[in-house]
Amino acid sequence: MNPKLKGNLMMFVAKTFSGLNQNALRYLLPTWMSPQTGVLLRLGFGSMFFGAYELFVRKKFSLPGWKDTLLLFVAGLILVFGYMWALLEGLSYTTPISSSIFISLQPVFVFIICLIIKTEKSTWKKVIGMLLGFGGALLCVLTQHTGEVASDPFKGNMFCLLGAFLFSCYLVTEKKYIPKYGSAMVSFLTFLGGAVGAVVLVCFSGWEAEVFHKSLISTPFLILLFVLIFPTSISYLLQDFSLKLLSATVVALYSDLILIVSAIASYIIGQDKFSWWQILAIVLMLVSVFLVESSESKQEELKK
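Conventions adopted
- Residues numbered from 1 in each chain as written.
- Predicted model: local features only at pLDDT ≥ 70, side-chain atom pairs only at ≥ 80, totals over all residues.
- Heavy atoms only, no water.
- Buried < 20%, exposed > 50% of the residue type's maximum accessible area, 1.4 Å probe, protein only.
- Helix = DSSP H or I, 4+ residues; strand = E, 2+ residues; numbered from the N terminus.
- Phe/Tyr/Trp six-rings, centres within 6.5 Å; stacked < 30°, edge-to-face > 60°.
- Axes fitted to C-alpha atoms, helices over the stretch in contact; angles between N-to-C directions.
- Parallel < 35°, antiparallel > 145°, perpendicular 65-115°, else oblique.
- Left-handed = near helix turned anticlockwise from the far one by under 90°.
- Contact = heavy atoms within 4.5 Å.
- Nonpolar A, V, L, I, M, F, W, Y, C, P; charged D, E, K, R; others polar.

## Digging into helix 4 (residues 96–103)
Because each turn of an α-helix spans 3.6 residues, side chains separated by three or four positions end up pointing in the same direction.
Right, on to step 1. Within helix 4, eight of the eight residues are buried, which leaves it mostly tucked inside the rest of the structure.
Right, on to step 2. Regarding helix 4, the residues found buried are Pro96, Ile97, Ser98, Ser99, Ser100, Ile101, Phe102 and Ile103.

## Digging into the packing of aromatic side chains
Right, on to step 1. The final tally for this structure, using the stated rule, is eleven aromatic pairs.
Right, on to step 2. Here Trp207 and Phe212 contribute two aromatic rings whose centre-to-centre distance is 6.1 Å and whose plane-to-plane angle is 20 degrees, an arrangement assigned as stacked.
Right, on to step 3. What makes Trp207 partly exposed here is its relative accessible area of 46%.
Right, on to step 4. An aromatic cluster is built from Phe17, Phe226 and Phe230, whose rings are joined through pairwise contacts.

## Observations concerning the packing of helix 3 (residues 66–91) against helix 4
Right, on to step 1. At a closest axis distance of 9 Å, the pairing of helix 3 and helix 4 adopts a crossing angle of 150 degrees. The orientation of helix 3 relative to helix 4 falls into the category roughly antiparallel. Here helix 3 and helix 4 pass one another in a crossing that is right-handed. When helix 3 is examined against helix 4, the residues Tyr83, Leu87 and Leu91 are found in contact with a partner set consisting of Pro96, Ser99 and Ile103.
Right, on to step 2. Looking at the contact of helix 3 with helix 4 residue by residue, the class counts come to five nonpolar, one polar and no charged.

In structure tokens form, the structure reads like this:
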């Protein structure tokens, strides 16, 4: 199989899992588990998965010193844990589509952060893209109302916005250390730090997981297994493999697929109602990411 075709197929599968993850979590929250319990389950499972994966690739990368180990652990404790908690908390109040709209803001947030730390240069395409992206998010916030599919959309959207920002900070941090220590070690340390934060949170909020009172072949338990195995673990591996075959720009563009998959699934299974305002917000988000990524791609070509 052609390497580029193989890379694109892996990214398509990975981001399809990520898109369905929004719908799966919305189904589970808060009826079958609390957001706090969901965070602990995802981060705990993820840290074990990446810890096991690290054993197979350890010889390819150097081990981090204690300072970098502590830094990555704290990054996970604050950024990964914060992202997971904000996302699941937000999904308890808003819809998967709204959540995905804010996730699509991540490339914009990453650019702003890189601009501040002077690792990126501003272009008119990126500025217009950022304005359109924030416009789409604002449109989503102002036009979504409380109803049978969203108990408190404004509150949920604000949590999702916080989550998108925290994950963007994590991506900037992760990018710095992956070339040196490998994605397995970086993911293991950050997920482990996040899991520790989740344990502390559950100690105060309590363990709420009605899903474990169901049989192993019940719908809630099977959906939980899907969340833990595919969006939490497999999709990250597929993304890492794709980065060896495709440019970072092409890989980043696949974040749009999360929004599209989540929107289609939400309308089909009734987790959201069709709204022209929401469609307009989605279009603005897609144009926003396209402008930012196309500008970045052009800058990379000029460097060559």
